[in-house]
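Notes for the structure review
Here's the letter readout for the chains.
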Amino acid sequence: MFDLHCHSLASDGALRPAELVARAAANGVTTLSITDHDTAAAYDAEIPPNPTLRIVPGIEFSALWRKRTIHVVGLAIDPRSVSLGDGIRQQRNARLERAGRIAERLRRSGIEDALEGATRIAAGAAPGRVHFAKHLVESGRVGSLRQAFRKYLGDGKTGDVANNWASLETAIGWIRGAGGIAILAHPARYRLTATRLKILVGDFVEAGGEALEVICGNQGLDVTRGLERLCLEYGLLASCGSDFHQPGRPWAELGRFPPLPRTLTPVWQQWGDGGS
Ligand code: MN
Ligand code: MN
Ligand code: MN
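Below is a summary of the structure that appears in this document. Since the model is a prediction, treat every value here as computed from it, not as a measurement.

Thresholds, definitions, all that
Each chain has its residues counted from 1, running along the sequence as written. Chain A is the first chain written and ligand 1 is the first ligand written, with later ones labelled in order. Totals for whole chains, interfaces and linings use every residue, but because this is a predicted model, local features are given only for residues with pLDDT of at least 70 and side-chain atom pairs only at 80 or more, for both listing and counting. Excluding hydrogens and water, the side-chain figures rest on all heavy atoms present in the structure. Partly exposed describes any residue whose relative accessible area lies between the buried limit of under 20% and the exposed limit of over 50%, with all areas from a 1.4 Å probe on protein chains only and scaled to the type maximum. For helices the rule is a DSSP run of H or I covering at least 4 residues; for strands it is a run of E covering at least 2, with both sets numbered from the N terminus onward. Here, a strand pair is defined by DSSP locating no fewer than two bridges between the strands. Water is absent from the atoms considered, so a metal site may look incomplete; donors are defined as N, O and S atoms within 2.8 Å of the metal, or 3.2 Å for Na, K and Ca. Residues count as neighbours in contact if any of their non-hydrogen atoms are within 4.5 Å of one another. Helix axes use the C-alpha atoms of the stretch in contact, all axes being lines fitted to C-alpha atoms, and the angles between their N-to-C directions lie in the range 0 to 180 degrees.

Once that is clear, we can look at the pairing of strand β5 (residues 68–75). Most of β5 sits inside the fold, with six of its eight residues counted as buried. Sheet topology note: the strand β4 (residues 58–65)/β5 ladder contains eight bridges and is antiparallel. Each bridged residue has a counterpart across the sheet, and for G58 the counterpart in β5 is L75. A loop of two residues connects β4 with β5, the two strands running antiparallel in sequence, and R66 in this loop sits at a positive phi of about 45°. Note that β5 and strand β7 (residues 181–184) share four bridges and pair antiparallel. When the sheet's bridge partners are listed, G74 is paired in β7 with A182.

For the rest of this paragraph, the subject is the coordination of the manganese ion (ligand 1). Within the protein, the manganese ion (ligand 1) binds to D12 (OD), H37 (NE2) and H245 (NE2); these donor distances fall in the range 2.1 to 2.2 Å. Read from N- to C-terminus, the donor residues coordinating the manganese ion (ligand 1) fall into the pattern D-x24-H-x207-H. Metal-to-metal, the separation of the manganese ion (ligand 1) and the manganese ion (ligand 2) is 5.9 Å. One end of the pair, H37, is in the loop between β2 (31–32) and β3 (54–55); the other, H245, is in the segment after β9 (237–241), and 208 residues separate them in sequence. Each member of the pair, H37 as well as H245, carries the same accessibility label: buried.

So, on to the sheet that holds strand β8 (residues 211–216). Spatially, six strands are ordered β6-β4-β5-β7-β8-β9 in an open sheet, and the strand pairing comes out mixed. With one partner strand each, in any of the chains shown, β6 (166–167) and β9 form the two edges of the open sheet. Pairing of β8 with β9 involves five bridges; the strand directions are parallel. Bridging across to β9, E213 finds its partner in S239. Along the sheet, helix α7 (residues 194–206) contacts β4, β5, β7 and β8; its crossing angle with β7, the most-contacted strand, is approximately 175°. Docked against the sheet, helix α8 (residues 221–234) engages β8 and β9, running at close to 165° with respect to β8.

Functional significance is not addressed by these values, which are geometric in nature.
Rendered as structure tokens:
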């Protein structure tokens, strides 16, 4: 049972790496990758060895493709490689620079302390929209996170600022430079037409991408079938994962998703048996 996509406290997940591993093992997962957004900090943490579960180091990079943000999962990476470190630093700088622009916009809406508040809440991570939203709630400007997004931070609102992510080619280059394999994450979630999705997959392959995440959480059979066809058409490997962030979301629970179609070659085929 392979779950090759989930998040820890190191990005926007709720559990510590050791808690993730324990929960995954309890759900029957035997190979797990913790793929935090633009950081491999989870792999610095103490994770007690689990006799039934092997860990494959991973990451989820945000990248720009034709002005859209898409996600690239990197698996079987060396989390301490120079290439990955370069990427993580560049993405962190992009986040910090964007946080400054969000704060500037909020200041013009009369909120003076946004950057300080969001930075404190982010606790060492680069602040993102959710941290600003939490600050607006904690400081009493709005009654709920939902309201914070509706009023200030949601799409089209004053705090909706584009991020200067790396290009698709660059993000894939970092992953390959770290010895890993690049996987186009949840291709059905970008709300692209079938034609545009094919262009994305074509560009992804040209940039060095090798796999599609055919299963991401509990998804419909029609989605799976469409991605299966794309995989076969482009001769790509297939990956699967829950995209787990926190307990209480049954549609994105560790190890709980449909199996990969049998026509496809899974990414782990090339990893061999015993090693990690
Ligand atoms: Mn997330
Ligand atoms: Mn994602
Ligand atoms: Mn994710």
